[in-house]
Amino acid sequence: SVTAALPGASSSKVGQLISEAMALLDAQPSRIIEARNRLNEALIICQNPQQRAFIKEKLSQLADKWLFSRTIFPQDKLCGSYQVKPGDQLRTIGKQFKVPYEILMQINNIPRPEALQAGQVIKVINGPFHAKVYLSTFTMDLYLQNTFVRSFPVGIGKPGMETPTGLWQVAPGRKLIKPRWTDPITGKTYEPDDPDYPLGSRWIGLKGIEGQAKGRVGFAIHGTKDPNEIGTASSQGCIRLHNGDAILLYNLLVPNYSQVEVVP
């Protein structure tokens, strides 16, 4: 039957896309964007866990070149250049491209937003970024539009306080740096400079829009004071990241546009 042939057919297609991508990377000069697009296409159809891990690792390495660097590749539809006009602010440029201004500062080596100068040509990213959290593997995958960028290990909700599955949106006005926090269970309030402050470096508030998540609030992606909690189910439902990862996510996810899908 046709369906019986499909898994083999798709795996040979995956193999073909991977070998094409590797050939593009070996070319002189290296054809990074075409290789990325082939690998991403392979990832979409790939069912084999080992192959998926290999593709993700390669895509993650490539992201350091095409995304997290100053380099702009001419044929890249996900990044481009922008000439700063008089009166432009990084925040408004970020809004225009659906990315936070912090990532534009990072990739363009701009020390502070006021250092932006009219006439300057900066690299921009065509957002938004999205994330997908796999509860079973304690993993978060980050995407720019539909292109895989990299994976992060996460901590999730403990038994009885599981992280709700479904679709979440980054909530407007809920991206915060070390907010004051009251533990809903103990009622204890933590200030950012408390030695036992539990939330780590960043808080990205979420609002639920589909599935179990629908209508739920009070959940967030945030850092942690205890790195040993990453890879475990020990939170009150929030998604925990290493602090460096939490800062990176904070610099990439944008309110109203960035979505976070949580799957079993």
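Just above sits the structure.
Residues numbered from 1 in each chain as written. Predicted model: local features only at pLDDT ≥ 70, side-chain atom pairs only at ≥ 80, totals over all residues. Heavy atoms only, no water.

S.K.: Would you mind going over the overall build of the chain with me for this structure?
M.R.: Looking only at helices and strands, the chain features 6 helices and 14 strands. On C-alpha atoms alone, the chain measures out to a radius of gyration of 20 Å, which is about the 18 Å that the 2.2 N^0.38 rule sets for 264 residues. Dimensions of the chain, computed from the C-alpha atoms along their principal axes, are close to 60 × 60 × 30 Å. The buried share of the chain, reckoned over its 264 residues, is 48%. For the chain, the exposed area adds up to about 13000 Å²; of that, 53% sits on carbon and sulfur atoms. Charged side chains of the chain number 30 positive and 22 negative; the gap between the two group centres comes to 5 Å. (Helix = DSSP H or I, 4+ residues; strand = E, 2+ residues; numbered from the N terminus. Rg over C-alpha atoms; globule rule 2.2 N^0.38 Å. Buried < 20%, exposed > 50% of the residue type's maximum accessible area, 1.4 Å probe, protein only. Areas by Shrake-Rupley, 256 points an atom, 1.4 Å probe, with all protein chains shown as cover. Lys, Arg positive; Asp, Glu negative; His and termini not counted. Charge placed at Lys NZ, Arg CZ, Asp CG, Glu CD.)

S.K.: Is there a simple way to think about the pairing of strand S4 (residues 139–144) in this case?
M.R.: When a strand is regular, its side chains alternate between the sheet's two faces. For S4, a buried count of 6 out of 6 residues is recorded, marking the element as mostly surrounded by other parts of the structure. Residues Thr-139, Asp-141 and Tyr-143 of S4 are buried on one face, and the alternating residues Met-140, Leu-142 and Leu-144, pointing to the opposite face, are buried as well. Where strand S3 (residues 129–134) and S4 come together, 6 bridges link them in antiparallel fashion. By the bridge assignment, His-130 is partnered in S4 with Tyr-143. Between S3 and the antiparallel strand that follows it, S4, lie 4 residues; Phe-138 among them carries a positive phi value of about 55 degrees. As paired strands, S4 and strand S5 (residues 147–153) are joined by 6 bridges and run antiparallel to one another. Following the sheet pairing, Asp-141 is matched in S5 by Ser-151. Following S4, the chain reverses through 2 residues before pairing antiparallel with S5; Gln-145 in that reversal takes a positive phi of roughly 55 degrees. (Pairing = 2+ DSSP bridges.)

S.K.: I tried to follow the environment of Ile-122 on my own but got confused; where do I start?
M.R.: Mapped onto the elements, Ile-122 comes out in strand S2 (residues 121–125). Overall, the relative accessible area of 1% leaves Ile-122 in the buried class. In sequence terms Ile-122 and Gln-83 are 39 residues apart; their C-alpha atoms lie 6.4 Å from each other. Not counting chain neighbours up to four residues away, the residues in contact with Ile-122 comprise Arg-70, Gly-80, Ser-81, Tyr-82, Val-84, Leu-90, Ile-93, Asn-108, Ile-110 and Leu-116. (Contact = heavy atoms within 4.5 Å.)

S.K.: Just checking my understanding: could you explain the packing of aromatic side chains for this structure?
M.R.: Given two aromatic rings, one states the distance between the centres and the angle between the planes to describe the pair. For the structure shown, the criterion picks out 4 aromatic pairs. A ring pair is formed by Trp-181 and Tyr-190, whose centres lie 5.9 Å apart and whose planes are at 25 degrees; its orientation type is stacked. Seen from the ring of Tyr-250, Lys-175 lies directly overhead, with NZ or CZ sitting 4.7 Å from the centre. (Phe/Tyr/Trp six-rings, centres within 6.5 Å; stacked < 30°, edge-to-face > 60°. Lys NZ or Arg CZ within 6 Å of the ring centre and 35° of its normal.)

S.K.: What am I meant to see in the sheet that holds strand S7 (residues 166–177) here?
M.R.: Sheet strands pair via backbone hydrogen bonds, and the direction of the pair is either parallel or antiparallel. Taken in spatial order, the 8 strands of this open sheet run S5-S4-S3-S14-S7-S10-S11-S13, and their pairing is mixed. A single partner strand is all that each edge strand has here, and the edge strands are S5 and strand S13 (239–240). The pairing of S3 with strand S14 (residues 259–263) spans 4 bridges and is classified as parallel. Note that in S14 the partner of Lys-132 across the bridge is Glu-261.

S.K.: Before we go on, may I ask you to explain the environment of Ala-27 in this structure?
M.R.: Take Ala-27: it is sitting in the loop between helix H1 (2–26) and helix H2 (32–45). Here the alpha-carbon distance between Ala-27 and Ser-69, two residues 42 residues apart in the chain, equals 21 Å.

S.K.: Would you mind showing me how to read the side chain of Glu-102 here?
M.R.: By secondary structure assignment, the location of Glu-102 is in helix H5 (residues 101–107). Despite being buried, Glu-102 has no salt bridge partner; Lys-175 is the closest side chain of opposite charge, sitting 4.9 Å away. Discounting chain neighbours no more than four positions away, the residues touching Glu-102 are Tyr-250 and Asn-251. (Salt bridge = Lys/Arg side-chain N within 4 Å of Asp/Glu carboxyl O.)

S.K.: How should I be thinking about the side chain of Asp-76 in this particular structure?
M.R.: Here Asp-76 lies in the loop between helix H3 (49–66) and strand S1 (79–83). Judged by relative accessible area, which is 6%, Asp-76 ranks as buried. Within the structure, Asp-76 has its side chain in polar contact with the side chain of Arg-36 (distance 2.9 Å). A polar side-chain atom of Asp-76 sits 2.9 Å from the main-chain amide nitrogen of Leu-78. Excluding its chain neighbours within four sequence positions, the residues that come into contact with Asp-76 are Ile-33, Arg-36 and Trp-66. (Polar contact = N/O pair within 3.5 Å; in protein donor to acceptor, adjacent residues only side chain to side chain.)

Fair warning: the whole summary comes from geometry, so function is off the table for now.
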